[in-house]
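Read off the chains here:
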Amino acid sequence: MTNTIKVSVWRGAEEGEFAQYEVPRQPSQTVLDVITYIQRHIDPTLSYRFACRVGVCGSCAMTVNGKPRWTCRTHVDKVALDGTLQVAPLRNLEVVKDLACDMTTFFDKMNRAEGKFHPTKSRDDDFDFVLPDDAKRKQASAGIECIGCGVCYAACDIVEWNKDYLGPAALNRAWTLVNDVRDGGNDERLAAVSGDAGCHACHSQQGCVEHCPKHISPTRAIAGLKRATVKAAIKGMLGGDD
Amino acid sequence: MSNARLETRIWALQRATAAVLAFCVFVHLGMIIYAVQDGLSAAEIISRISGNLAWLAFYAVFIVAVALHAPIGIRVILNEMTNLSRKQTHLIMAALCLIILVMGFRAIIGLYTAGAGA
């Protein structure tokens, strides 16, 4: 281990350039530690986003040596194999400044995909019994740990090609709700996730699966949505005027 | 998204024709491997297909599947890779479908009727 590491960090917004820094190496140092060191000791004008520092909040996602990652859970010695680091903002999102992205579109798409709970009961009704080994519960459980960090969204080529595409996280969220027996919003939801900006645009390249820090498979969720929407279309649902 | 049902049906049609194509391409490649064993000649192809209703039916299904499957895929690529409007790519899809149908049926009907009266 050399005593310092060479780091190039994106400075600017959509237009900008990589600035070079030299940061002292520490044992068990994360990429977020490196960025924090630059901001505290070299250039206080560097903007970046983080909160929990332990892989719970998902706000420190950046592009590290070309791949979207949580910087707090990325050890420098795992990625800086040649002793250099390149840190850029997440792809497919508008850059606010330096390493901080505007996540508005990402979260708007969660809403557009009807990624919200549609209640069907009141407080006077009895609970639904959802057994842990129920098939639908298992489908929901597979995707429910998503914390909305945007890594899958940055990894997705379809998002880059088709700006309207809802993206892996929103579609994964929709699929967890399709499998929620308590939810009553599936007619709207399946219509919302259909079409060339929805699940049918996915080419199953699995960039999202490859990079998801929670090891979720949005591709599997999207495949489920494809099946569910085709069934709905055959039944004449989805509210289209074709 | 008012086009949800139409887009879903187009997608399902491409999936369904993919399944048909998997079978057709398998038979077609098998036939090519079998047919080239003794060299390939126009006379041999015509002798096999001409007047044979089963081959006519097989290739008719093949052509229809290709005519539906390929233009749908081309439309997706054009939507992703070009600035053409949805209406334009839709029209290109329809035109390609028609071209493949005309060329395909022209070829297979030609082979089916070739040699008739010879």
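Residues numbered from 1 in each chain as written. Chains lettered and ligands numbered in written order. Predicted model: local features only at pLDDT ≥ 70, side-chain atom pairs only at ≥ 80, totals over all residues. Heavy atoms only, no water.

If you tally the helices and strands in chain B, you get four helices and zero strands. Along chain B, from the amino end to the carboxyl end, the secondary structure elements read α-α-α-α. Scaling as 2.2 N^0.38, a compact globule of 118 residues should have a C-alpha radius of gyration of about 13 Å, whereas chain B reaches 18 Å, well beyond that. Here chain B, with 118 residues, has 29% of them falling under the buried criterion. (Helix = DSSP H or I, 4+ residues; strand = E, 2+ residues; numbered from the N terminus. Rg over C-alpha atoms; globule rule 2.2 N^0.38 Å. Buried < 20%, exposed > 50% of the residue type's maximum accessible area, 1.4 Å probe, protein only.)

On a plain count of helices and strands, chain A comes out with 10 helices and seven strands. Its C-alpha atoms give chain A principal-axis dimensions of roughly 65 × 40 × 30 Å. Across the 242 residues of chain A, 48% fall into the buried class. Contacts spanning at least 24 positions in sequence make up 63% of the contacts within chain A whose residues lie at least 6 apart. Within the structure as shown, chain A displays about 12,400 Å² of accessible surface, and the carbon and sulfur contribution to it stands at 50%. Here chain A contributes 30 positively and 31 negatively charged side chains, and the mean placements of these two sets differ by 6 Å. (Contact = heavy atoms within 4.5 Å. Areas by Shrake-Rupley, 256 points an atom, 1.4 Å probe, with all protein chains shown as cover. Lys, Arg positive; Asp, Glu negative; His and termini not counted. Charge placed at Lys NZ, Arg CZ, Asp CG, Glu CD.)

A separate point is the packing of aromatic side chains. Residues and elements named next belong to chain B. With the rule as written, the count across this model stands at 10 aromatic pairs over all chains. Each ring, one from Phe23 and one from Phe58, has its centre 6.5 Å from the other, and the planes form 75 degrees; the classification is edge-to-face. With Phe23 in helix H1 (residues 4-35) and Phe58 in helix H3 (residues 53-81), the pair connects residues that are 35 residues apart, well separated along the chain. The exposed category is assigned to Phe23, whose relative accessible area is 53%. Residue classification places Phe58 among the buried residues on the basis of a relative accessible area of 12%. Taking 4.9 Å as the distance between ring centres and 80 degrees as the angle between the ring planes, the aromatic pair formed by Phe58 and Tyr59 counts as edge-to-face. (Phe/Tyr/Trp six-rings, centres within 6.5 Å; stacked < 30°, edge-to-face > 60°.)

It is a general feature of regular strands that their side chains alternate between the two faces of the sheet. Residues and elements named next belong to chain A. Side chains of strand E3 (residues 61-64) alternate between two faces, with Ala61 and Thr63 and Met62 and Val64 buried alike. Where E3 and strand E4 (residues 67-70) come together, four bridges link them in antiparallel fashion. Paired with Val64 across the two strands is Lys67, which belongs to E4. The hairpin formed by E3 and E4 contains two residues between the paired strands, and Asn65 there has a positive phi angle of roughly 45 degrees. In this structure, E3 lies alongside strand E5 (residues 84-88), joined through two bridges in antiparallel fashion. (Pairing = 2+ DSSP bridges.)

Right, let's talk about the packing of helix H3 (residues 104-112) of chain A against helix H7 (residues 168-178) of chain A for a bit. Residues and elements named next belong to chain A. As a packed pair, H3 and H7 sit with axes 8 Å apart at the nearest point and diverge in direction by 30 degrees. Taken together, H3 and H7 sit at an angle that is classed as roughly parallel. At the point where H3 passes H7, the crossing takes the right-handed sense. Counted together, Phe106, Lys109 and Met110 of H3 and Ala169, Ala170 and Arg173 of H7 form the full contact between these two elements. Taken together, the residues of the contact of H3 with H7 break down into four nonpolar, no polar and two charged. (Axes fitted to C-alpha atoms, helices over the stretch in contact; angles between N-to-C directions. Parallel < 35°, antiparallel > 145°, perpendicular 65-115°, else oblique. Left-handed = near helix turned anticlockwise from the far one by under 90°. Nonpolar A, V, L, I, M, F, W, Y, C, P; charged D, E, K, R; others polar.)

On to the interface of chain A and chain B. Between chain A and chain B, the residue contacts involve 22 residues of the former and 16 residues of the latter. Overall, the association of chain A and chain B removes approximately 1,700 Å² of surface from exposure, summing both partners, and the carbon and sulfur fraction of that is 55%. Seen at the junction of chain A and chain B, the total is one salt bridge. Its salt-bridge partner being Arg86 of chain B, residue Asp196 of chain A comes within 2.2 Å of it at the nearest N-O pair. For the pair chain A and chain B, the interface holds six residue pairs in polar contact (both at pLDDT 80 or more). Listed by contribution, the elements that provide at least two residues to the side of chain A that touches chain B are helix H6 (157-161), helix H8 (186-192) and helix H10 (218-234) of chain A. (Buried area = accessible area lost by both parts, 1.4 Å probe. Salt bridge = Lys/Arg side-chain N within 4 Å of Asp/Glu carboxyl O. Polar contact = N/O pair within 3.5 Å; in protein donor to acceptor, adjacent residues only side chain to side chain.)

A few words now on the packing of helix H2 (residues 42-49) of chain B against helix H4 (residues 86-113) of chain B. Residue and element names in this part refer to chain B. Contact pair H2 / H4: the axes reach a minimum separation of 7 Å and the direction vectors enclose 85 degrees. By the angle class used here, H2 and H4 are roughly perpendicular. Across from Ile45, Ile46 and Ile49 in H2, the residues of H4 making contact are Ile108, Leu111 and Tyr112. Partitioned by chemical class, the residues of the contact of H2 with H4 number six nonpolar, no polar and no charged.

The quantities given are spatial measurements derived from coordinates; they are silent on function.
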